Amino acid sequence: MNKAFTRESDSSDDDDDDVALPALPQGSKNYVTPAGYARLREELMSLLDVERPKVVEVVSWAAKNGDRSENGDYLYGKKRLREIDRRIRFLTKRLDIAEVVDPSVHHGRDQVFFGATVTYANEHGDERTITIKGIDEADSSHGEVSWIAPISRALLKAKVGDEVSLVTPGGVERIEVIAVQYPNA
């Protein structure tokens, strides 16, 4: 067969939209806090209104300069456009199915729900504080975990003083809920 009629595998192929992206559990909703929704929407608008037009301008300029096969600005620009377009598609899909949940409605309660900041202690007395957020907004470097994470699943609906079981690779661990906080409205 002639090579012109075969499709080569390309790592920058646009069909790989959801490759390293966090997946939603089957049949579940994409919960997100109002602040997280605003950040995702702001990123989408920035990509559409600022970054993409700049890259399109550079690619257009570079395309006018002749041989595109050795034109770094053109090649890099096209690659960057594919990355931007992929992120735009992802954000658009996620924002379309997002269900904004305001955790401040639970302010003053001692039960763990989505958006709670929970302090818990393990069997050894080590305390840790986490905030339960949406899949697309959780940042583990800031103590934020996704609501589908094992620790979140174990803590959801628990109250202050409750002991829950957390299944870890090292076995089942008992943890106690020490404090639950929600943001003010």
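For the structure given in this document, a descriptive report is provided here. Each residue is numbered by its place in its chain's sequence as written, counting from 1. Totals for whole chains, interfaces and linings use all residues, but because this is a predicted model, local features are given only for residues with pLDDT of at least 70 and pairs of side-chain atoms are given and counted only at 80 or more. By convention in this description, side-chain values take in all heavy atoms of the structure and omit both hydrogens and water.

Structural notes on the side chain of Glu 144
So, point 1. For Glu 144, the location among the structural elements is in strand E5 (residues 144-146).
So, point 2. Burial classes: relative accessible area under 20% of the type maximum marks a residue as buried, over 50% as exposed, and values in between as partly exposed (1.4 Å probe, protein chains only). Exposure remark for Glu 144: the relative accessible area of 15% places this residue in the buried category.
So, point 3. Whether two residues are in contact is decided by their heavy atoms, any of which lying within 4.5 Å being enough. Once residues lying within four places of it in the same chain are set aside, the contact partners of Glu 144 are Thr 131, Lys 133, Glu 137, Ala 138 and Asp 139. Secondary structure follows DSSP: runs of H or I at least 4 residues long count as helices, runs of E at least 2 residues long count as strands, and numbering of each begins at the N terminus.

Observations regarding the nonpolar core
So, point 1. Membership of the largest hydrophobic core comes to 22 residues, with the highest contact counts inside it found for Val 112, Val 118, Ile 130, Ile 132, Ile 151 and Leu 155.
So, point 2. Counting residues per element, the ones that place at least two in this core are strand E3 (117-121), strand E4 (127-133), helix H3 (150-155), strand E6 (163-168) and strand E7 (171-181).
So, point 3. Ile 130 has contacts with Ala 116, Thr 117, Val 118, Tyr 120, Gly 143, Val 145, Ile 151 and Leu 155, leaving out every residue within four places of it along the chain.
So, point 4. Membership of the second largest hydrophobic core comes to 14 residues, among which are Leu 47, Val 59, Tyr 74 and Phe 90. Each nonpolar core is a collection of buried residues, namely Ala, Val, Leu, Ile, Met, Phe, Trp, Tyr and Cys, held together in the definition by side-chain atoms within 4.5 Å.

Let's talk about the pattern of salt bridges
So, point 1. We count a salt bridge whenever a side-chain nitrogen from Lys or Arg sits within 4 Å of a carboxyl oxygen from Asp or Glu. According to the stated counting rule, one finds ten salt bridges in the structure shown.
So, point 2. In this structure, the salt-bridge partner of Glu 43 is Arg 87, at a minimum N-O distance of 2.8 Å. Of this pair, Glu 43 sits in helix H1 (residues 34-63) while Arg 87 sits in helix H2 (residues 72-97), and the two are 44 residues apart along the sequence.
So, point 3. With a shortest N-O distance of 2.6 Å, Asp 85 and Arg 52 are connected by a salt bridge. Here Asp 85, found in helix H2, pairs with Arg 52, found in helix H1; they are 33 residues apart in sequence, far enough to count as distant.
So, point 4. Given the relative accessible area of 23%, Asp 85 is considered partly exposed.
So, point 5. Overall, Arg 52 belongs to the partly exposed group, its relative accessible area being 27%.
So, point 6. What emerges from the salt-bridge pattern is a single network uniting Glu 51, Lys 79, Arg 80 and Glu 83.

Re the pairing of E6
Each regular strand carries side chains that alternate between the two faces of the sheet.
So, point 1. A pair of strands is labelled paired if DSSP reports no fewer than 2 bridges between them. Both E6 and E7 contribute to a ladder of six bridges, which runs antiparallel. Paired with Glu 163 across the bridge in E7 is Glu 176.

What to know about the environment of Ala 149
So, point 1. Its location among the elements puts Ala 149 in the loop between E5 and H3.
So, point 2. On the basis of relative accessible area, Ala 149 is assigned to the buried category, the value being 18%.
So, point 3. Taking the C-alpha atoms as reference, Ala 149 lies 9.9 Å from Lys 133; in sequence the two are 16 residues apart.

Section: the packing of aromatic side chains
So, point 1. Aromatic pairing here means that ring centres of Phe, Tyr or Trp (its six-membered ring) are within 6.5 Å. Orientation follows from the plane angle: under 30 degrees is stacked, over 60 is edge-to-face, and everything else is tilted. Per the stated rule, a full pass over the model turns up two aromatic pairs.
So, point 2. Aromatic pair Tyr 31 and Phe 114: ring centres 6.0 Å apart, planes at 45°, arrangement tilted. Here Tyr 31 is found in strand E1 (residues 30-32), whereas its partner Phe 114 is found in the loop between strand E2 (98-100) and E3, with 83 residues between them in sequence.
So, point 3. Residue Phe 114 is classed as buried on the basis of its relative accessible area, which comes to 10%.
So, point 4. For the ring pair Tyr 31 and Trp 147, a centre distance of 5.2 Å and an interplane angle of 75° mean the geometry is edge-to-face. In this pair, Tyr 31 sits in strand E1 while Trp 147 sits in the loop between E5 and H3, placing the two residues 116 residues apart along the sequence.
So, point 5. These aromatic residues form a ring-pair network of at least three members: Tyr 31, Phe 114 and Trp 147.

Comments concerning the side chain of Lys 133
So, point 1. Its location among the elements puts Lys 133 in strand E4.
So, point 2. What qualifies as a polar contact is a pair of N or O atoms within 3.5 Å, subject to a donor-acceptor requirement within protein and to the restriction that residues adjacent in sequence count only when both atoms come from side chains. Looking at Lys 133, its side chain comes within polar contact range of the side chain of Glu 144, at 3.3 Å.
So, point 3. The contact partners of Lys 133, leaving out residues within four places of it in the chain, are Thr 33, Arg 39, Phe 114, Ala 138, Glu 144, Val 145, Ser 146 and Trp 147.

Concerning H1
So, point 1. Multiplying 1.5 Å by the residue count of a helix minus one yields the expected span of that helix. If you check H1, its first and last C-alpha atoms are 42 Å apart, about what 30 residues at 1.5 Å a residue would give, namely 44 Å.
So, point 2. Taken residue by residue, H1 has Gly 36, Leu 40, Leu 44, Leu 47, Val 55, Val 59, Ala 62 and Ala 63 as its buried positions.
So, point 3. For H1, the secondary structure elements touched by its buried residues are E1 and H2.

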